[in-house]
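# Remarks on the overall topology
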Amino acid sequence: MKKKGLTTKITALGLTGAIVLTGCGATNEAPTVEEYIQESADDYEQGSMKEGAESTSPSAGSAADNGGNGSSSDGAAESPAAAAESPAAEAESGAADMADSIYGDYARGGEMEKYKMEGIYEESAVKAPEGYLGSCYDYEDDYIVPQNNEEYSKWQEKGYVNVMQEPLSTFAADVDTASYSNLRRMIRDGWDLENLPEGSVRIEEMLNYFHYDFAEPKGQEPFGVTTQLGPCPWNEEAELLMIGLKTESVDYDYAPASNLVFLLDVSGSMGDPDKLPLLQESFATLTDNLTNKDRISIVTYAEEDKVVLQGARGDEKKKIKKALNSLVAGGGTYGSKGIERAYELAEEYFIEGGNNRIILATDGDLNIGMTTEEELEELISEKKESGIFLSVLGFGTGNIKDNKMETLADKGNGNYAYIDCLREADKVLLEEMTATLVTICKDVKFQVEFNPDIVEGYRLLGYENRALDRQDFDDDQKDGGEIGAGHSVTALYEIVLREPLRHNLTEDEISGLRYGNEYQKRLDETKKAPASEGKYKEWLTVSIRYKKPAGNVSQLLEYPVGYDSYRDEPSADFRFAAAVAEFGLLASHSQYPENASLTHVRKTLRELDFKDVYKIEFLELVEQVEE
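None of the values given here were measured: they were computed from a predicted structure. (Residues numbered from 1 in each chain as written. Predicted model: local features only at pLDDT ≥ 70, side-chain atom pairs only at ≥ 80, totals over all residues. Heavy atoms only, no water.)

## A few points about the overall build of the protein
Within the protein, the regular secondary structure consists of 23 helices and 16 strands. Within the span of the protein, comprising 627 residues, buried residues form 54% of the whole. Considering only contacts in the protein between residues 6 or more positions apart, those separated by 24 or more positions represent 81%. With an accessible surface of roughly 27400 Å², the protein has 46% of that area assigned to carbon and sulfur atoms. (Helix = DSSP H or I, 4+ residues; strand = E, 2+ residues; numbered from the N terminus. Buried < 20%, exposed > 50% of the residue type's maximum accessible area, 1.4 Å probe, protein only. Contact = heavy atoms within 4.5 Å. Areas by Shrake-Rupley, 256 points an atom, 1.4 Å probe, with all protein chains shown as cover.)

What follows is the structure, given as structure tokens:
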């Protein structure tokens, strides 16, 4: 599957804009799907698509001000609920719903063939005219392919490790999910796995995007820990270890009060429909669920920083949404200055014992002030000592700076998510609201020690940019990862045993080998081993360190793992996580894919009974890539 041509890209972008900007102004007649497509093509030709997006940003944002919140006094467009009172608005809403439905199928690989058959889409709708006018639509390939200025951190994949060389595997917890939703966006945009940007796929973030039925916390422990061993699906010479950690879910109504600063990028690069307009609607979703105990401030930055709202109560929803709807994109990107101002506001309204957090929304394109990853890391490392967490939400395509956004969230003791659609905004800011906003444990670190009498070698899947030195585990000055209420962390290890659990050698095959006597001796020794020895010993121990959100001294928990955790037929969660990791090996261009294949991933997923829409969507992505 290769990148699509002009018609497909224009169609996708045009329909995306229609969906994101639904409710941005009523017309007397509902536009047809063909008109959406043609208008998008016209805008693209004239080079005005970005200008149109910028000019509609305030109206797009007003769509977030849902239900009886009225319109802003400074000229922001009326809310969808108010607009829908007119017949014209209802007609437009119906057209947008149809476009939403079409785009949903299109994004899952249905493309236009389906709609030709159903009579919804006609080839003539986007067919260029003949003659001179027709020649206007003949673009050179280097012109019709948008320039991609996205940036990702490159990391070195770690292969198999001999336990006699490295008996300990140490890494910081990670609950970021940005890599998966960004990967989903790229696949829907037509990327094939071979051409994905290096560093854009992080297996741990793919694993942690999904929910699993892990054990709940017991007693005073902050999280429950689940371990399971089973055959490695893509490597017959290895076993697979799954480690799952889960914190207790908390109803936001009973969570500590929040002091939130929305730090919003309104520079010129944010003018596209999938950036500022989507950002406005996303934060409106969050606003709908805030309470009077919360305090909200809004800081924007472009060439200069600006305080748009200061210390509003969470139940002042109209006030917050009016501030969001007033935003317009334009100018340079002085991000570091905005960050400093946001921390000043967060400190001014600091709530003792509360959740003090900055939520930065940006495409990551900083071009004024501190702009490098090193400068940003130094800035945030100083600020995080204030007890204020920094989370990052990424938006947009073509220009996202994933490397900078990940650095900011990592060093700011926060999490990093990528918002590619309103449904993802609902997931991050509504369904997982407490996990996103309320930290349960900070500086969480894992250390796995392997028993050399059982394990010959291992490799950790993902977490390359979270790796720690063995001495960092006990050093409370070394940063770990942060986990929110209801979050889970998943890690997978391939494990090579000294004595394989299974062998395929028959007596006849052994007798024909040059070293047949030696093979027979090893097999006899395995059979004679008492239950207390051999595979029945502890295989490894999982150690976890964590701090309370306001604490500075870590606590230690240890969990031995042995053969009693082994399942020849692993759980559905185990098999699904393995399928995600197998897909990740292919998408990340792993040097150690072994026998991983898309066919096997799809087969595994098809055998599982899903009731989770996000897992169903993952299967659809796999099938789209496999076409």
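## Details of the packing of helix 22 (residues 598-606) against helix 23 (residues 613-626)
Between helix 22 and helix 23, the shortest axis-to-axis distance is 10 Å and the interhelical angle comes to 150 degrees. Taken together, the axes of helix 22 and helix 23 lie roughly antiparallel to each other. Crossing handedness for the pair helix 22 and helix 23: left-handed. Contacts from Leu 598, Thr 599, Val 601, Arg 602, Leu 605 and Arg 606 of helix 22 reach helix 23 at Phe 618, Leu 619, Val 622, Glu 623, Val 625 and Glu 626. Of the residues assigned to the contact of helix 22 with helix 23, the class counts are 7 nonpolar, 1 polar and 4 charged. (Axes fitted to C-alpha atoms, helices over the stretch in contact; angles between N-to-C directions. Parallel < 35°, antiparallel > 145°, perpendicular 65-115°, else oblique. Left-handed = near helix turned anticlockwise from the far one by under 90°. Nonpolar A, V, L, I, M, F, W, Y, C, P; charged D, E, K, R; others polar.)

## Things to note about the sheet that holds strand 7 (residues 305-313)
One open sheet accounts for 6 strands, arranged 7-6-5-8-9-10; its pairing is mixed. In the strand order of this sheet, the two ends are held by strand 7 and strand 10 (416-419), each with one partner. Strand after strand, the sheet turns through a mean of 20 degrees between neighbouring axes, direction not considered. Sheet topology places strand 5 (residues 258-265) next to strand 8 (residues 355-362); 7 bridges connect them, and they run parallel. Its bridge partner lying in strand 8, Asn 259 is registered against Asn 356. Lying on the sheet, helix 16 (residues 402-411) is in contact with strand 8, strand 9 (389-395) and strand 10; it crosses strand 9 at an angle near 160 degrees. In the packing of helix 17 (residues 422-431) onto the sheet, contacts are made with strand 9 and strand 10, and the angle to strand 10 comes to roughly 150 degrees. (Pairing = 2+ DSSP bridges.)

## Considerations on the sheet that holds strand 14 (residues 488-497)
One open sheet accounts for 5 strands, arranged 1-12-14-4-3; its pairing is antiparallel. At either margin of the open sheet sits one strand with a lone partner, and together these are strand 1 (161-162) and strand 3 (223-231). Here strand 4 (residues 239-247) pairs with strand 14 via 8 bridges, running antiparallel. Looking at the pairing, Leu 240 lines up with Glu 494 of strand 14. The strands touched by helix 21 (residues 572-587) within the sheet are strand 3, strand 4, strand 12 (455-460) and strand 14, with strand 4 carrying the most contacts at an inclination of about 110 degrees.

## Considering the side chain of Thr 439
Looking at the secondary structure, you find Thr 439 in strand 11 (residues 439-450). In this structure Thr 439 comes out as buried when scored by relative accessible area, which is 12%. Setting aside chain neighbours within four positions, we find Thr 439 in contact with Arg 357, Phe 389, Glu 482, Ile 483, Gly 484 and Pro 549.

## Here we look at the confidence of the model for the protein
Scored by pLDDT, the protein has a mean of 79; 73% of the residues are at 70 or more. When the criterion is pLDDT under 50, residues 43-126 qualifies, and its contacts beyond four places in sequence or with other chains add up to 136 contacts. When the criterion is pLDDT under 50, residues 139-146 qualifies, and its contacts beyond four places in sequence or with other chains add up to 7 contacts. (pLDDT = per-residue confidence, 0-100.)

## Observations regarding the pairing of strand 3
When you tally the buried positions in strand 3, you get 7 out of 9 residues, the bulk of the element. Relative to strand 4, strand 3 runs antiparallel, the two being bridged by 9 bridges. Looking at strand 4, one finds that Val 225 is bridged to Leu 245.

## Here's the deal with the packing of helix 21 against helix 23
Contact geometry of helix 21 with helix 23 gives a least axis separation of 12 Å together with a crossing angle of 35 degrees. Remark: the crossing between helix 21 and helix 23 carries left-handed chirality. Here Asp 573, Phe 576, Ala 579, Val 580 and Phe 583 of helix 21 lie close against helix 23, whose contacting residues are Lys 615, Phe 618, Val 622 and Val 625. By residue class, the composition of the contact of helix 21 with helix 23 is 7 nonpolar, no polar and 2 charged.

## Quick notes on the pattern of salt bridges
Scanning the model with the defined rule gives 36 salt bridges in all. Arg 459 is the partner of Glu 157 in a salt bridge, and the nearest nitrogen-oxygen pair spans 3.4 Å. Remark: Arg 459 occurs in strand 12 and Glu 157 occurs in the loop between helix 9 (141-144) and strand 1; sequence separation between them is 302 residues. Here Glu 157 and Arg 459 have matching classes, each one buried. Among the ionic pairs, Asp 176 bridges to Arg 466, the shortest N-O distance being 3.2 Å. Taken together, the residues Asp 176 in the loop between strand 2 (168-172) and helix 10 (178-188) and Arg 466 in the loop between strand 12 and strand 13 (481-484) connect sequence positions 290 residues apart. Take Arg 466: its relative accessible area is 6%, and that puts it in the buried class. Each of Arg 184, Arg 188, Asp 420, Arg 423, Glu 424 and Glu 617 takes part in salt bridges that share partners, so that together they form one network. (Salt bridge = Lys/Arg side-chain N within 4 Å of Asp/Glu carboxyl O.)

## Digging into a negative patch on the surface
A surface patch of negative charge is lined by Glu 374, Glu 375, Glu 378 and Glu 382. Looking at the element boundaries, Glu 378 is found in helix 15 (residues 373-383). (Patch = residues over 30% accessible without salt bridge, like charges linked within 9 Å, V, L, I, M, F, W, Y side chains within 5 Å. Lys, Arg positive; Asp, Glu negative; His and termini not counted. Charge placed at Lys NZ, Arg CZ, Asp CG, Glu CD.)

## Things to note about the pairing of strand 14
Most of strand 14 sits out of view: 9 of its 10 residues are buried. With 5 bridges connecting them, strand 12 and strand 14 associate as antiparallel partners. Following the sheet pairing, Leu 460 is matched in strand 14 by Tyr 493.

## Looking at the nonpolar core
Counting 69 residues, the largest nonpolar core has Phe 210, Trp 234, Ile 358, Phe 576, Phe 583, Leu 605 and Phe 618 as the members making the most contacts within it. Per-element accounting of this core gives the leading share, 10 residues, to helix 21. Discounting residues that sit within four places of it in the chain, Leu 605 has contacts with Phe 576, Ala 579, Phe 610, Phe 618, Leu 619 and Val 622. If you look at the next biggest cluster of nonpolar residues, it comprises 36 residues, including Phe 446, Phe 450, Ile 483 and Val 542. (Core = buried A, V, L, I, M, F, W, Y, C linked by side-chain atoms within 4.5 Å.)

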